[in-house]
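Residue strings, one per chain:
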Amino acid sequence: MAFSAKTRKFLVAFLISGWSIALIYSALRAHPPKFPLKAKRLYHDNRLLMGTFWQVSSPNKQASGIVFSEASSIEQLLSKYIPASEISRLNRLGKLKVSADTFYIIKKSLEFYRQTQGAFDITVAPLVDLWGFTGQNFQKPGADKIRAVLELVGSDKIILHEKDNVVEFKLPGMKIDLGAIAKGFALDCAVKKLKENNIASCLINAGGQVYALGDNFGQSWKIAIQGARKPEITGILKLKNKSASTSGDYQQYFLRGNKRYGHILNPKTGYPAESGISSVTVIADSALEADALSTSVFVLGKEKAKALAMKFNNLEIKITE
Ligand code: ADP
Ligand code: MG
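Heads up: these notes are all about the structure in this document. Remember, it's a predicted structure, so these values are computed and weren't measured experimentally.

So, how was this worked out
Residues numbered from 1 in each chain as written. Chains lettered and ligands numbered in written order. Predicted model: local features only at pLDDT ≥ 70, side-chain atom pairs only at ≥ 80, totals over all residues. Heavy atoms only, no water. Pairing = 2+ DSSP bridges. Helix = DSSP H or I, 4+ residues; strand = E, 2+ residues; numbered from the N terminus. 1 Å grid on protein atoms, 1.4 Å probe; cavity = no way out; pocket = protein on both sides within 12 Å on 5 of 7 lines; lining within 4 Å. Points joined across faces, edges and corners; volume = space filled by probe spheres on them. Nonpolar A, V, L, I, M, F, W, Y, C, P; charged D, E, K, R; others polar. Near = heavy atom within 4 Å. Polar contact = N/O pair within 3.5 Å; in protein donor to acceptor, adjacent residues only side chain to side chain. Areas by Shrake-Rupley, 256 points an atom, 1.4 Å probe, with all protein chains shown as cover. Sits in = over half its atoms within 2 Å of the grid points. Salt bridge = Lys/Arg side-chain N within 4 Å of Asp/Glu carboxyl O. Buried < 20%, exposed > 50% of the residue type's maximum accessible area, 1.4 Å probe, protein only. Contact = heavy atoms within 4.5 Å. Expected span 1.5 Å × (residues − 1). Axes fitted to C-alpha atoms, helices over the stretch in contact; angles between N-to-C directions.

**A closer look at the pairing of strand S4 (residues 43–49)**
Item 1. Direction of pairing for S4 relative to strand S5 (residues 52–58): antiparallel, over a ladder of 7 bridges. Within S5, the residue paired with His44 across the bridge is Ser57.

Below, the structure written as structure tokens:
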């Protein structure tokens, strides 16, 4: 759900309630001409996709249609909530020949699994179900149940048959969940499609994860970061051809007593990650990398995040404890 507010004459603010990033960007140039011959305007459009609210702003009217159609095809392929998706079928069958896109994203997920020493793990799906995050029927499972389900967790139990794009699980009952990476992948695919259509300027906000393509009439796109627990703006990012992804425990969580149980799980313990971070924003060249790594840093914590950042080019990590 989103609302927008006109804060100043030339300032448009989108504050996404339910997500921790707000977008603010200048709609005009810093020094607008006194008598502009041609209005420099942005077209805005919104759509609900991949379980979240997508907002597109671009000087090109066609941009939003291209973005939404690309994100929608990726959702049909990868969503665990769509019974006919390749991921749902793979989860039911335990072995499936998949499309090149699905194979690619599972392969990338296994790379992140290795690079994060298992903090990023798409095989957390049975745990996500057990804690009730899939159907919003939250529960705190017993330690014995968690131990049993942990047997099914571990991306080293996924076999990739490169020659024919077949994905196979080693154990019956295993499942995968691309919730921490699919949105990033969809953003990258959408940006690729925009470029193929010669669209060089566009800001996409997919429920708090953004990609800023090119610039906004000569200025960098300006993205405001909202506090994890309070709605105040805590910082402004200037982005050009970069993505920023935020992960935290303030959006999807449930409370038992005074304790908060968030939707990002530690695949080693089977419990929601408790690394001392309340929110992390990762800025990277690709949205897929920003998405996967913001989830990973949330599991790993501040110290291990520093070592992780060294493994990637042009990575910026902003942590709120
Ligand atoms: P958001 O969905 O808010 O963008 P993330 O990108 O951090 O948040 O993804 C969180 C989702 O990823 C969870 O809802 C769950 O489906 C899945 N997930 C939870 N823990 C992990 C993990 N350790 N590794 C990979 N995926 C995870
Ligand atoms: Mg993520």
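**Overview of the layout of surface pockets**
To find leftover empty space, one rolls a probe the size of a water molecule over the atoms.
Item 1. The space that makes up the largest pocket amounts to roughly 1100 Å³.
Item 2. The wall of the largest pocket is formed by 43 residues, among which Asp177, Gly179, Ala180, Gln252 and His263 lie closest to the centre.
Item 3. Every element with two or more residues in the lining of the largest pocket is listed here: helix H1 (63–78), helix H6 (182–196), strand S13 (242–248) and helix H7 (287–300).
Item 4. Of the residues assigned to the lining of the largest pocket, the class counts are 18 nonpolar, 19 polar and 6 charged.

**Topic: the site of ligand 1**
Item 1. By nearness alone, 17 residues border ligand 1, and Asp177, Ser247, His263, Leu265 and Thr295 come closest of all.
Item 2. Within the backbone of Asp121, a nitrogen or oxygen atom sits 3.0 Å from a nitrogen atom of ligand 1.
Item 3. Asp291 is positioned such that a nitrogen or oxygen atom in its side chain is 3.0 Å from an oxygen atom of ligand 1.
Item 4. If ligand 1 stood free it would expose 570 Å²; the protein chains cover 93% of that surface.
Item 5. Of the pockets mapped on this structure, ligand 1 occupies the largest pocket.

**Things to note about the pattern of salt bridges**
Oppositely charged side chains can pair when the atoms bearing their charge come close.
Item 1. Inspection of every chain in the model, using the stated rule, returns 12 salt bridges.
Item 2. Residue Asp177 pairs with Lys80 through a salt bridge whose shortest N-O separation is 2.9 Å. Note that Asp177 is positioned in the loop between strand S8 (166–169) and H6 and Lys80 in the loop between H1 and helix H2 (86–93), a separation of 97 residues in sequence.
Item 3. On the basis of relative accessible area, Asp177 is assigned to the buried category, the value being 13%.
Item 4. Assessed through its relative accessible area of 23%, Lys80 is described here as partly exposed.

**Some points on the environment of Gln76**
Item 1. Topologically, Gln76 is positioned in helix H1.
Item 2. Remark: the alpha-carbon pair of Gln76 and Glu86, spanning 10 residues in sequence, is separated by 8.0 Å.
Item 3. Contacts of Gln76, omitting those with residues within four sequence positions, involve Ile82, Ser85 and Glu86.

**Here we look at H6**
Item 1. Here H6 spans 21 Å end to end across 15 residues, near enough to the 21 Å set by a 1.5 Å rise per residue.
Item 2. Buried residues belonging to H6 abut S5, H1, helix H3 (100–115), strand S9 (202–206), strand S10 (209–213) and H7.
Item 3. Positive phi appears at Asn198, one or two residues downstream of H6, with a value of about 60°.

**Observations concerning the sheet that holds S8**
Item 1. Spatially, the 3 strands line up as an open sheet ordered S6-S8-S7, and their pairing is antiparallel. Of all strands in the sheet, those with a lone pairing partner are strand S6 (95–97) and strand S7 (158–161), marking the two edges. Across the sheet, the axes of successive neighbouring strands diverge by a mean angle of 15°, strand direction being ignored.
Item 2. By the bridge criterion, 3 bridges tie S6 to S8 in an arrangement that is antiparallel. Within S8, the position partnered with Lys97 by the bridge is Val166.
Item 3. Contacts from H2 reach S6 and S8 within the one sheet, and its direction differs from that of S6 by about 145°.

**Regarding unusual backbone geometry**
Item 1. The phi angle at Gln117 is positive, at roughly 50°, despite the residue not being glycine.
Item 2. Turning to its location among the elements, Gln117 is positioned in the loop between H3 and helix H4 (125–130).
Item 3. Given the relative accessible area of 55%, Gln117 is considered exposed.

Shape is all these values report; function is a separate question.
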